[in-house]
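Chain residues, written in single-letter form:
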Amino acid sequence: MSTIMSHAVVPLAAAVAMGPGRISPKVAIAGAALAMLPDGDVLGFRFGIDYAADWGHRGATHSLVFAGLVTAALALVWREARSTLAALFLYLSAASHGLFDMLTDGGLGVALYWPFETTRHFAVFTPIRVSPIGANFFSARGWETMLSELRWVWLPALVIAQAGWFARRIRQSPG
Ligand SMILES: [Zn+2]
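Since the structure is predicted, the reported quantities are computational estimates derived from the model, not experimental observations. (Residues numbered from 1 in each chain as written. Predicted model: local features only at pLDDT ≥ 70, side-chain atom pairs only at ≥ 80, totals over all residues.)

1. Remarks on the overall build of the protein chain
Part 1: Along the backbone of the protein chain there are six helices and zero strands.
Part 2: Each helix and strand of the protein chain, ordered N terminal to C terminal, gives the series α-α-α-α-α-α.
Part 3: Against the globule reference of 16 Å for 175 residues, the protein chain gives a C-alpha radius of gyration of 17 Å, in line with a compact fold.
Part 4: Principal axes of the C-alpha set define a box for the protein chain whose edges measure 60 × 40 × 25 Å. (Helix = DSSP H or I, 4+ residues; strand = E, 2+ residues; numbered from the N terminus. Rg over C-alpha atoms; globule rule 2.2 N^0.38 Å.)

2. Points about unusual backbone geometry
Part 1: Cis rather than trans, the peptide bond between W114 and P115 has omega equal to 0°.
Part 2: The residue P115 is located in the loop between α5 (84-101) and α6 (140-172) in this model.
Part 3: You will see that R58, though not glycine, has its phi angle at about 65°, which is positive.
Part 4: Looking at the element boundaries, R58 is found in the loop between α3 (43-46) and α4 (64-77).

3. Observations regarding the nonpolar core
Part 1: V10, A13, V27, A30, L90 and A94 are the most contacted members of the largest nonpolar core, which totals 34 residues.
Part 2: Among the elements of the structure, α1 (4-18), α2 (25-36), α4, α5 and α6 are those that each provide at least two residues to this core.
Part 3: Residues within four places of L90 in sequence aside, it is in contact with V27, A30, G31, L34, T71, L74 and A81. (Core = buried A, V, L, I, M, F, W, Y, C linked by C-beta atoms within 7 Å. Buried ≥ 20, exposed ≤ 12 C-beta atoms within 10 Å, placed from the backbone. Contact = placed C-beta atoms within 7 Å.)

4. Overview of the environment of V9
Part 1: Following the sequence through the fold, V9 ends up in helix α1.
Part 2: Counting along the chain gives 138 residues from V9 to L147, while the straight-line C-alpha distance between them is 15 Å.
Part 3: If sequence neighbours within four positions are ignored, V9 has contacts with V153, W154 and A157.

5. Section: the packing of α1 against α5
Part 1: In contact at an axis separation of 10 Å, α1 and α5 are set at 135° when each is read in the N-to-C sense. One finds that α1 runs oblique with respect to α5. Here α1 and α5 pass one another in a crossing that is right-handed. Contact residues: α1 offers H7, V10 and P11, while α5 offers S93, S96, H97 and F100.
Part 2: For the contact of α1 with α5, the residue count by class is three nonpolar, four polar and no charged. (Axes fitted to C-alpha atoms, helices over the stretch in contact; angles between N-to-C directions. Parallel < 35°, antiparallel > 145°, perpendicular 65-115°, else oblique. Left-handed = near helix turned anticlockwise from the far one by under 90°. Nonpolar A, V, L, I, M, F, W, Y, C, P; charged D, E, K, R; others polar.)

Structure (structure tokens):
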């Protein structure tokens, strides 16, 4: 994507769908943070790191390996991140960032398989308008980005969260 808030929505919706009995609110928030973390790489622009470089935007920090490393690092310092389910949730949260960026229609692709290869990838289907870097969200372009993210991220996330919540309610209700 995408706008950073949209990345956070993905794990939050999954956590709501699964329920607090499986994914605690704390783990859910950690997942949202991990889903936003990869775009910290835009700081590299300030230090003269090129977009296309390994550590440039959408480079190493957007890879599946990096997602594994940050999940492992978090598990080292935080006991709650060590259960299999929490670790899996956190890993998928971190990995979802690169996968969603691959659905955007612009910029450079994602170095999903770093460090094994540095090729930048896009998904076959790229429905999400890429958000302009250093974005002016109030421009026409920013508006278009918001609309495409609402349609392709927020709406499905809301549906999934609600479906999971509803399924749990039905199971819990007596009779
Ligand atoms: Zn990104």
